[in-house]
Amino acid sequence: AIDFLSSRPEVDSDSITVSGFSMGSYWGMRLAALDKRVKAVATAAACYGPKKAIFEQASPRFKQVFMYMAGIHDEDEFDTFAEQMILDDVADQVTCPALQVTGEYDPLAPLDTVLPIYEKVSGPKELWVIENDFHNPRNTPNFGGIDFFGFLADWLNDALAGKFGTGHK
């Protein structure tokens, strides 16, 4: 996707940012770790750690759909694949500014799975723990009752403007 974007004349390839929500938080952080063309990353409804809750305790339909998207039809094979979907191996490679947003009581990504990833990020970083929230920080009083995606976009713009220097935490 970044190769394609970089080839477009209307895209400033030096200003590519990534935003991810829920499972997209995992992919967004992984992309930022592995491709230095990403200049900032902002994720919410964190899914950084083990995927047991999301694949074994959440709606079974989610796991079925994800298995389909992964092209894996055997559940045991998929479980082995899912065990590898953590960020422990790459979080320290996130060197661009990184915003991580998580709910205080998120059952799919408890704080004890989010905080170690946050600590490993080596670039400028922020962690927003949304008080009394779960996995969906949308339209909550914490953001004035409005959708929070605008806050992520504003944060990404600030990151591109250089507002988060080395050591920002």
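The rules behind these values
- Residues numbered from 1 in each chain as written.
- Predicted model: local features only at pLDDT ≥ 70, side-chain atom pairs only at ≥ 80, totals over all residues.
- Heavy atoms only, no water.
- Phe/Tyr/Trp six-rings, centres within 6.5 Å; stacked < 30°, edge-to-face > 60°.
- Helix = DSSP H or I, 4+ residues; strand = E, 2+ residues; numbered from the N terminus.
- Lys NZ or Arg CZ within 6 Å of the ring centre and 35° of its normal.
- Contact = heavy atoms within 4.5 Å.
- Core = buried A, V, L, I, M, F, W, Y, C linked by side-chain atoms within 4.5 Å.
- Buried < 20%, exposed > 50% of the residue type's maximum accessible area, 1.4 Å probe, protein only.
- Pairing = 2+ DSSP bridges.
- Axes fitted to C-alpha atoms, helices over the stretch in contact; angles between N-to-C directions.
- Parallel < 35°, antiparallel > 145°, perpendicular 65-115°, else oblique.
- Patch = residues over 30% accessible without salt bridge, like charges linked within 9 Å, V, L, I, M, F, W, Y side chains within 5 Å.
- Areas by Shrake-Rupley, 256 points an atom, 1.4 Å probe, with all protein chains shown as cover.
- Salt bridge = Lys/Arg side-chain N within 4 Å of Asp/Glu carboxyl O.
- Right-handed = clockwise from strand over helix to strand, strands pointing away.

So, on to the packing of aromatic side chains. Enumeration according to the criterion identifies 12 aromatic pairs in this entry. Relative to Phe66, the ring of Phe62 lies with its centre 6.2 Å away and its plane at 35°, an arrangement referred to as tilted. One end of the pair, Phe62, and the other, Phe66, are both in helix 4 (residues 60-70), four residues apart, so they sit about a helical turn from each other. Positioned over the ring face of Tyr118 is Lys125, at 4.8 Å from the centre of the ring.

On to the environment of Leu160. Looking at where Leu160 falls in the secondary structure, it is placed in helix 7 (residues 149-160). In sequence terms Leu160 and Ser25 are 135 residues apart; their C-alpha atoms lie 19 Å from each other. Contacts of Leu160, omitting those with residues within four sequence positions, involve Ser15, Thr17 and Lys39.

Nonpolar side chains tend to gather and get buried jointly when the protein is soluble and globular. Membership of the largest hydrophobic core comes to 33 residues, with the highest contact counts inside it found for Val41 and Val94. Listed by contribution, the elements that provide at least two residues to this core are strand 1 (16-21), helix 2 (23-34), strand 2 (38-44), helix 3 (52-57), helix 4, helix 5 (75-83) and helix 6 (111-120). Of all the elements, helix 2 adds the most residues to this core, at five residues. When residues no more than four places from it in sequence are discounted, the contact partners of Val41 are Val18, Gly28, Met29, Ala32, Val94, Cys96, Pro97, Ala98, Leu99, Trp155 and Leu156.

This paragraph deals with the environment of Met23. Locating Met23 in the fold gives a position in helix 2. Take Met23: its relative accessible area is 8%, and that puts it in the buried class. When the C-alpha positions of Met23 and Ile54 are compared, they lie 9.1 Å apart, and in sequence the two are 31 residues distant. In contact with Met23, other than residues within four places in its own chain, are Cys47, Lys51, Ile54, Phe55, Phe62, Phe66 and Met85.

The next point concerns the sheet that holds strand 1. If you trace the four strands from one edge of the open sheet to the other, you get 1-2-3-4, paired in parallel fashion. Pairing within the sheet leaves two strands with one partner each, and these edge strands are strand 1 and strand 4 (125-130). If you compare each strand with its neighbour and ignore which way they point, the axes differ by 10° on average. Relative to the sheet, helix 2 contacts strand 1, strand 2 and strand 3 (98-103), its axis offset from that of strand 2 by approximately 160°. Contacting strand 1, strand 2, strand 3 and strand 4, helix 7 runs over the sheet at an angle of about 155° to strand 2.

When two helices pack together, their arrangement is given by the angle between the helix axes and by the axis-to-axis distance. The interhelical angle for the contact between helix 4 and helix 5, taken along N-to-C directions, is 85°, at an axis separation of 11 Å. By the angle class used here, helix 4 and helix 5 are roughly perpendicular. Contact residues: helix 4 offers Lys63, Phe66, Met67 and Ala70, while helix 5 offers Glu75, Phe78, Asp79 and Phe81.

Another aspect to go through is a nonpolar patch on the surface. Together, Val65, Tyr68 and Met69 line one region of the surface with nonpolar side chains, adding up to about 360 Å² of accessible area. Residue placement: Val65 occurs in helix 4. Looking at Val65, the relative accessible area reads 33%, which means it is partly exposed.

A word on the pairing of strand 4. Bridge analysis of strand 3 against strand 4 gives six bridges, and the strand direction is parallel. Among the inter-strand pairings, Val101 is bridged to a residue of strand 4, identified as Trp128. In this view, the connection linking strand 3 to its parallel neighbour strand 4 by way of helix 6 has right-handed handedness.

Here the focus is the pattern of salt bridges. Per the counting criterion, the structure on display carries nine salt bridges. With a closest N to O distance of 2.7 Å, Asp3 and Arg37 form a salt bridge. Separated by 34 residues along the polypeptide, Asp3 in helix 1 (residues 2-7) and Arg37 in the loop between helix 2 and strand 2 bring together distant segments of the chain. What makes Asp3 exposed here is its relative accessible area of 55%. Here Asp35 makes a salt bridge to Arg37, at a shortest N to O gap of 2.8 Å. The exposure class of Asp35 is buried, given its relative accessible area of 16%. Taken together, the shared-partner salt bridges in this structure form one network comprising Glu56, Lys63, Glu75 and Asp79.

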